[in-house]
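The chain contents come next:
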Amino acid sequence: MTALHVCRYCDGLITDEAPGKPVAFEPGMSGPGYEVWAHNEHAHLVKPDPRPLLLLDRIHAHRAGQPGT
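Residues numbered from 1 in each chain as written. Predicted model: local features only at pLDDT ≥ 70, side-chain atom pairs only at ≥ 80, totals over all residues. Heavy atoms only, no water.

Novice: Quick question: what am I supposed to make of the nonpolar core here?
Specialist: Side chains that are nonpolar tend, in soluble globular proteins, to be buried together. Formed by Cys7, Ile14, Trp37, Ala38 and Val46, the largest nonpolar core amounts to 5 residues. If sequence neighbours within four positions are ignored, tryptophan 37 has contacts with His5, Val6, Cys7, Arg8, Ile14, Gly20, Lys21, Pro22 and Val23. (Core = buried A, V, L, I, M, F, W, Y, C linked by side-chain atoms within 4.5 Å. Buried < 20%, exposed > 50% of the residue type's maximum accessible area, 1.4 Å probe, protein only. Contact = heavy atoms within 4.5 Å.)

Novice: Looking at this structure, I do not really get unusual backbone geometry. What am I missing?
Specialist: Negative phi characterises most residues that are not glycine, and trans characterises most peptide bonds. Positive phi is not limited to glycine here, since aspartate 11 has a value of about 65 degrees. Positionally, aspartate 11 belongs in the loop between β1 (5-6) and β2 (13-14). Given a relative accessible area of 61%, aspartate 11 falls into the exposed group. (Helix = DSSP H or I, 4+ residues; strand = E, 2+ residues; numbered from the N terminus.)

Novice: Can you help me understand a nonpolar patch on the surface in this one?
Specialist: On the surface, Leu53, Leu55, Leu56 and Ile59 cluster together to form a nonpolar patch covering roughly 370 Å² of accessible area. Note on leucine 56: relative accessible area 42%, which makes it partly exposed. (Patch = residues over 30% accessible without salt bridge, like charges linked within 9 Å, V, L, I, M, F, W, Y side chains within 5 Å. Areas by Shrake-Rupley, 256 points an atom, 1.4 Å probe, with all protein chains shown as cover. Salt bridge = Lys/Arg side-chain N within 4 Å of Asp/Glu carboxyl O.)

Novice: It is not clear to me how helix α1 (residues 51-63) should be interpreted in this structure. Could you clarify?
Specialist: Residues three or four positions apart in an α-helix share a direction because the helix packs 3.6 residues into each turn. Along its 13 residues, α1 runs 19 Å from first to last C-alpha, staying within 8% of the 18 Å computed at 1.5 Å per residue. Within α1, only 1 of the 13 residues are buried, leaving the element largely exposed. Remark: glycine 65 follows α1 within two positions and exhibits a positive phi of approximately 85 degrees. (Expected span 1.5 Å × (residues − 1).)

Novice: Whenever I open this one, the confidence of the model for the protein confuses me. Can you help?
Specialist: As a general rule, the predicted coordinates of low-pLDDT regions are not to be interpreted in detail. Per-chain confidence: the protein averages 86 in pLDDT, with 93% of residues scoring 70 or above. Here α1 stands out as the element of the protein with the lowest mean pLDDT, 88, in contrast to β2, whose mean of 94 is the highest. (pLDDT = per-residue confidence, 0-100.)

Next comes the structure, spelled out in structure tokens:
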């Protein structure tokens, strides 16, 4: 059985004619997590999830005594 992968950038199916590669790993909330895939030509276009960095910014602002937004 082969695993099916979907491109994170274009949501297209990754096949032998349009090969892809893993570009990131997202941890799961109640499991092992999964690899994020993209077509070879789209790999450089995939952006990371900004939510963890925004949360870290708010934590640093709170610790510095500045009101968070």
